[in-house]
Amino acid sequence: MLVRVDLNVPLEDGAVGDDTRIRAALPTIEFLRAAGARIILVSHLGRPKGERNPQYTLAPVAVWLSELLGTPVAFADDCVGAAAATAVAALADGDVLLLENLRYHAGEEANDAAFAAQLAELADVYINDAFGAAHRAHASTEGVAHLLPAYAGLLMEREVSVLTALLETPQHPFVAIVGGVKVADKIAVLERLVEVADTVLIGGAMAFTFVVAEGGQVGSSLHEDAAGQAIALRARAKALETGCELLLPRDVIAADAFSAEAATQITPADAVPADWMGLDVGPATIELYTERIRSARTVLWNGPMGAFEMAPYAEGTRAVAQAVAECDGTTVVGGGDSVAAITQFGFADRVTHVSTGGGASLELLEGRVLPGVAAIPEAH
Ligand code: AMP
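Residues numbered from 1 in each chain as written. Predicted model: local features only at pLDDT ≥ 70, side-chain atom pairs only at ≥ 80, totals over all residues. Heavy atoms only, no water.

> Sorry if this is basic, but what is going on with the nonpolar core here?
Side chains of a nonpolar character, in soluble globular proteins, are inclined to be buried together. Core analysis: the largest hydrophobic core is formed by 47 residues, its most contacted members being Phe131, Phe174, Leu193, Val200, Ile202 and Phe210. When sequence neighbours within four positions are dropped, the list of residues in contact with Ile202 reads Val178, Leu190, Ala207, Phe210, Leu246, Leu247, Leu248, Pro249 and Tyr289. Core analysis: the second largest hydrophobic core is formed by 29 residues, Ile177, Val281, Leu288 and Val299 among them. (Core = buried A, V, L, I, M, F, W, Y, C linked by side-chain atoms within 4.5 Å. Buried < 20%, exposed > 50% of the residue type's maximum accessible area, 1.4 Å probe, protein only. Contact = heavy atoms within 4.5 Å.)

Right, here's the structure in full:
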């Protein structure tokens, strides 16, 4: 069985750093092992751009995966050709083999038909469990799915069903929290959320783009230019049309420099003094936002409330993480930074679902069909 997984983990000095993605792939691998399958794992790591580059080798991942599974994981130093075929031929039932980085071949990202055929030759069945790569139409996520009987893995199935249910059959009140830096990155998801959510809470630097667009003073807070502001106004107009309550921060923690050592003061979000920048939401906003979150039946959180990597500006994000954890409804966290935040604050195991796919979950929430999902007959 050819199993596309997302083992795109950070490597630090040649060893695996954060192994969340490897752990997320374990249920499908363990399920298939128990069923006696011969498991051929394929993944990308980083951006080697079609060339062999030892900086992006999956070899350390095979070692770590073997530790986590408690069984040897063989490794072949190419994902196609003789090296791969020899390693596949050596597999017995229940064995696990990891092939070298797919992106050592330009055919992977180009979704090249010949490269997809080379991958398909290795197995009789294809399983896609790489939700984090499902928004890319690559040979291993899309092309090969048309050449073998294709199925979704357990992680893929759960990600798609949880995120789809959120948009299609949410329990109300549905509160969405959107933060981070750029409105432009999140506009499609914001426009979709104001259609389906009862309340959208805006935080992070993107709130200042809304505040400026609506005539407020944001001092030197990070915000976008006219194009970003026009997007913010469009989201506001759409929310008025759909009856969605779109809230902006009431107050912020303003600092006189982008530094953990800066002087700080609490100011209204729309009256930040010149030369001061808002780096977190303030106490009145925390009270308002966490009250909405705690009484929700469905919560989606994407993007931090402030520059939470610096301790003096972490409280807004921490308080939101805690409120999400304390909410009794369905709670979903998606997007790299909010996942990092909820993990850092120790609440990750108290939410319904933590999405492993940053770009893929955003695209799914925008209502787009992901190519890696569309290629699997039963997954959509
Ligand atoms: P994004 O990648 O768009 O989700 O943005 C996440 C990043 O935004 C994090 O690294 C935060 O430190 C940063 N961030 C959030 N709020 C602010 C803010 N008010 N000023 C500067 N950076 C911020």
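Here the narrative resumes, following the displayed structure.
> Sorry if this is basic, but what is going on with the sheet that holds strand 1 (residues 2-4) here?
Each strand in a sheet pairs with its neighbour through backbone hydrogen bonds, running either in the same direction (parallel) or in the opposite one (antiparallel). The parallel open sheet is built from six strands, whose spatial order is 5-6-4-1-7-8. Pairing within the sheet leaves two strands with one partner each, and these edge strands are strand 5 (73-76) and strand 8 (150-152). Pairwise comparison of adjacent strand axes, ignoring direction, gives a mean angle of 25° for this sheet. Here strand 5 pairs with strand 6 (residues 96-99) via four bridges, running parallel. The residue of strand 6 that forms the bridge with Ala74 is Leu97. (Pairing = 2+ DSSP bridges. Helix = DSSP H or I, 4+ residues; strand = E, 2+ residues; numbered from the N terminus. Axes fitted to C-alpha atoms, helices over the stretch in contact; angles between N-to-C directions.)

> How do you make sense of the site of the ligand when you look at a structure like this?
Taken together, 15 residues sit near the ligand, with Val181, Ala205, Gly278, Glu309 and Asp337 positioned nearest. Val181 is positioned such that a nitrogen or oxygen atom in its backbone is 2.9 Å from an oxygen atom of the ligand. Within the side chain of Asp337, one N or O atom sits 3.3 Å away from an oxygen atom of the ligand. Relative to its unbound accessible surface of 510 Å², the ligand loses 80% to contact with the protein. Taken together, the residues of the shell around the ligand break down into eight nonpolar, four polar and three charged. (Near = heavy atom within 4 Å. Polar contact = N/O pair within 3.5 Å; in protein donor to acceptor, adjacent residues only side chain to side chain. Areas by Shrake-Rupley, 256 points an atom, 1.4 Å probe, with all protein chains shown as cover. Nonpolar A, V, L, I, M, F, W, Y, C, P; charged D, E, K, R; others polar.)

> Which parts of the structure should I look at to understand the packing of helix 6 (residues 154-168) against helix 13 (residues 358-365)?
How two helices pack is summed up by the angle between their axes together with the distance between the axes. Where helix 6 meets helix 13, the axes come as close as 9 Å, and the angle between the chain directions of the two elements is 35°. In terms of crossing hand, the pair formed by helix 6 and helix 13 is right-handed. Across from Glu159, Val160, Leu163, Thr164, Leu166 and Leu167 in helix 6, the residues of helix 13 making contact are Ser361, Leu364 and Leu365. Taken together, the residues that form the contact of helix 6 with helix 13 break down as six nonpolar, two polar and one charged. (Left-handed = near helix turned anticlockwise from the far one by under 90°.)

> I would appreciate a short explanation of the packing of helix 1 (residues 20-34) against helix 2 (residues 59-69) in the present structure.
With their axes 11 Å apart at the nearest point, helix 1 and helix 2 run at an angle of 65° to one another. Pair helix 1 / helix 2 crosses with right-handed handedness. Residues Ile22, Arg23, Leu26, Ile29, Glu30 and Arg33 of helix 1 form the contact with helix 2, whose own contacting residues are Val61, Trp64, Leu65, Leu68 and Leu69. Of the residues assigned to the contact of helix 1 with helix 2, the class counts are eight nonpolar, no polar and three charged.

> Got a minute to help me understand the sheet that holds strand 13 (residues 251-255) in this structure?
Overall, antiparallel pairing links the three strands, which are arranged 14-13-16 in an open sheet. For this open sheet the edge positions go to strand 14 (264-268) and strand 16 (277-281), each flanked by a neighbour on one side alone. When the angles between neighbouring strand axes are averaged without regard to direction, this sheet yields 40°. Inspection of the sheet shows strand 13 paired to strand 14 by five bridges, in the antiparallel sense.

> What am I meant to see in the pairing of strand 9 (residues 174-178) here?
A regular strand carries its side chains on alternate faces of the sheet. Counted residue by residue, strand 9 has five buried out of five residues, so it is predominantly covered. Neither face of strand 9 is exposed, since Phe174, Ala176 and Val178 on one face and Val175 and Ile177 on the opposite face are all buried. Alignment of strand 9 against strand 17 (residues 298-302), held across five bridges, turns out to be parallel. Directly across from Val175, in strand 17, lies its bridge partner Val299.

> Please clarify how the environment of Val320 should be interpreted in this entry.
Relative to the elements of secondary structure, Val320 occurs in helix 11 (residues 315-326). Taking the C-alpha atoms as reference points, Val320 and Ile286, 34 residues apart in sequence, are found 7.5 Å from one another. The contacts of Val320, once residues within four sequence positions are left out, are Ile177, Thr290, Ile293, Trp301 and Met305.

> How should I be thinking about the environment of Val211 in this particular structure?
Inspection of the secondary structure assignment puts Val211 in helix 8 (residues 206-213). Residues Val211 and Asp270, 59 residues apart in the sequence, show an inter-C-alpha distance of 6.0 Å. The contact partners of Val211, leaving out residues within four places of it in the chain, are Gly216, Val218, Leu248, Ala269 and Asp270.

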